[in-house]
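Remarks on the overall topology
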2 protein chains.
Amino acid sequence: MNRSICEQCRDWIPPDVTETAQTPGKAPPKIPSRIQQRNRSRILDAALEVFSRHGYRGATLDQIASEAGLSKPNILYYFGGKEDIHVTLLSRLMETWLDPLKDMNPNGDPITELLGYVNRKLDMALELPRESRLFANEILQGAPRMGPHLIADLKPLFDARTDVIARWMEQGRIAKSDPAHLIFAIWATTQHYADFAAQTEVLLPDQSRREGGAHDFLSQLFSKLLTP
Amino acid sequence: MNRSICEQCRDWIPPDVTETAQTPGKAPPKIPSRIQQRNRSRILDAALEVFSRHGYRGATLDQIASEAGLSKPNILYYFGGKEDIHVTLLSRLMETWLDPLKDMNPNGDPITELLGYVNRKLDMALELPRESRLFANEILQGAPRMGPHLIADLKPLFDARTDVIARWMEQGRIAKSDPAHLIFAIWATTQHYADFAAQTEVLLPDQSRREGGAHDFLSQLFSKLLTP
DNA sequence: TCGTGTCTTTACCAAATGGTAAAAAAGTGA
DNA sequence: TCACTTTTTTACCATTTGGTAAAGACACGA
């Protein structure tokens, strides 16, 4: 139920063995060697850097290769192609991206839970800006490769959380507003610090006021909204 | 003082006359013919569509050409190249983009002015989503072509506005918070509805709840923050 | 109707880019 | 050390893409 659609991307099978691996009988699951793990994660890290900066079409295999310290054909030895790398990255991202929302406890104190969520989300944006920009790029272009993920993974969790928040509101434990828009606002304000960093860095050059100030401001913003 | 850096892009001069036009003496300003105006604006409109959907590198001249109903070389008759089109688009955008912020009246009622700004910004995002995505794309990639514009045009206006807001706060006319982060939050929450439309449309399929709800929610969010 | 300047098309090109084939090199277990 | 597998490199290829040259079509005043 929680499995993401591209689950298979994660259990990698070397390209030349793909067919024999499918024939049942022999061909054990083929545990990836140390060097395989190392190079695959190097490639994914390099690709994250490049895709998040230039978007899918703006990124080139050569850039990824040089960033990873490998040759282009070498990269295509580990991944089926450019799209394969991108999709792998996106489906891994989706998991860590949903974690803070999953961590929200329906039985906890509403304000604590929601403000905690805001803080976790902001921390993520500040600590993993590349991931945030990768995601933003994909959505900006109409989610061509992640549409199904959104429907299959994000939507159910989103609906469950908005239901919980709606119940809290009905119970009068937090002020009434639209739960869906509340979550949008949390996403928008937190991710803004990663996605629009090029802008905020120009307008607010003082880093500590930018990052510390963001925590304070968002806590204030949402606690004022939520207190009944 | 208010002039944008690429001002010259706007007063276009046909490619072949560029040199003679610079020699003083004759070569009058060369008022663009009706057909030139029509085709140039067609191209810019097509380019806005394509750039906003695919980003700078993801867009191709062929796409722009076919979207504009012209041939590729014909497009290069009107513009110096791909980058020229993009830069022209960005510098035009900057103006309309800053308008709502300019319209904020330092002598008006603080809450009215700020909530009015939120509403104008949201209307813009909903009515001009392509422009919003073009801007977002550019910033996401580190503002490679718009960095100078940000410093020259946006920063002074931003500083002036945050000063005004800070004064309002000191006077106790609105609740104290960080003016810079306040503006960031307004930008983030409003533009989110354009930039992340692919996501919000999946999560909140009901269009009227999405758009009308956004107005209500953001009014509530910011008026709770601002009332002392 | 002619000629001149404006606009459009056809036919290209060089560089970049995603990807492949196959040989060479490097490990690895016996 | 030898045979065998895994990994890496070298040398290509086809397509796409931004861009150009030059001929042709068109508009319009004299």
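A short tour of the structure in this document, coming up. (Residues numbered from 1 in each chain as written. Chains lettered and ligands numbered in written order. Predicted model: local features only at pLDDT ≥ 70, side-chain atom pairs only at ≥ 80, totals over all residues. Heavy atoms only, no water.)

As a further point, take unusual backbone geometry. Residue and element names in this part refer to chain A. Even without glycine at this site, Ala143 takes up a positive phi of about 55 degrees. Residue position: Ala143 is located in the loop between α8 (129-140) and α9 (147-170). Looking at Ala143, the relative accessible area reads 6%, which means it is buried. (Helix = DSSP H or I, 4+ residues; strand = E, 2+ residues; numbered from the N terminus. Buried < 20%, exposed > 50% of the residue type's maximum accessible area, 1.4 Å probe, protein only.)

A few words now on helix α8 (residues 129-140) of chain B. Residues and elements named next belong to chain B. Look at α8: 16 Å from first C-alpha to last across 12 residues, which is about the 16 Å you get at 1.5 Å a residue. Taking burial as the measure, the 12 residues of α8 include 10 buried ones, the bulk of the element. Listing the buried residues of α8 in full gives Glu131, Ser132, Arg133, Leu134, Phe135, Ala136, Asn137, Glu138, Ile139 and Leu140. Of the residues trailing α8, Gly142 is marked for its positive phi of about 90 degrees. (Expected span 1.5 Å × (residues − 1).)

Glancing now at the protein's contact with DNA strand D. The environment of DNA strand D is formed by 19 residues, the closest being Gln36, Arg57 and Tyr78 of chain A together with Leu61 and Lys82 of chain B. Considering the 4 Å shell around the protein, atoms of DNA strand D inside it are sugar or phosphate in 60% of instances. Residue Ser71 of chain A places a side-chain N or O atom 3.5 Å away from a phosphate oxygen belonging to DNA strand D. Counting residues per element, the ones that place at least two in the surface near DNA strand D are α3 (34-58) and α5 (72-78) of chain A together with α5 (72-78) of chain B. Its residues assigned to classes, the surface near DNA strand D comprises 8 nonpolar, 7 polar and 4 charged. (Near = heavy atom within 4 Å. Polar contact = N/O pair within 3.5 Å; in protein donor to acceptor, adjacent residues only side chain to side chain. Nonpolar A, V, L, I, M, F, W, Y, C, P; charged D, E, K, R; others polar.)

There are two copies of the chain, and a rotation about an axis plus a shift along that axis relates them. When chain B is brought onto chain A, the operation consists of a screw motion whose angular component is 180 degrees and whose axial shift is 0.0 Å, with 0.0 Å RMSD remaining. Taken together, the turn and the small shift mark the pair as related by a two-fold rotation axis. Of the interface residues in chain B, 100% have counterparts in chain A that sit at the interface too, so the contact is made through matching surfaces. (Least-squares fit on C-alpha atoms with pLDDT ≥ 70 in both. Contact = heavy atoms within 4.5 Å.)

All names here are of chain B. A rise of 1.5 Å per residue sets the reference length of helix α10 (residues 179-195), with its 17 residues, at 24 Å; its end C-alpha atoms lie 23 Å apart and thus fit the reference within 8%. Within α10, 17 of the 17 residues are buried, leaving the element largely enclosed by the surrounding structure. Among the residues of α10, the N-terminal cap falls to Asp178, whose side-chain oxygen and the backbone nitrogen of Ala180 are separated by 2.9 Å.

Between chain B and chain A, the contact holds 57 residues from the first and 57 residues from the second. Both faces considered, chain B and chain A share a buried interface measuring about 4,800 Å² in area, 68% of it formed by carbon and sulfur atoms. Considering only the side of chain B, the residues that lose the most area to chain A are Leu140, His181 and Leu203 of chain B, jointly responsible for 16% of the buried surface there. Counting across the interface, chain B meets chain A through 2 salt bridges. A salt bridge links Asp178 of chain A to Arg209 of chain B; its shortest N-O distance comes to 3.0 Å. Connecting chain B to chain A are 13 residue pairs in polar contact (both at pLDDT 80 or more). For the side of chain B that touches chain A, the secondary structure elements donating two or more residues are α3 (34-58), α8, α9 (147-170), α10, α11 (197-203) and α12 (207-226) of chain B. Here the side of chain B that touches chain A takes 12 residues from α10 of chain B, the largest share from any one element. Taken together, the residues of the side of chain B that touches chain A break down into 27 nonpolar, 19 polar and 11 charged. (Buried area = accessible area lost by both parts, 1.4 Å probe. Salt bridge = Lys/Arg side-chain N within 4 Å of Asp/Glu carboxyl O.)

That's the geometry; what it means functionally is another story.
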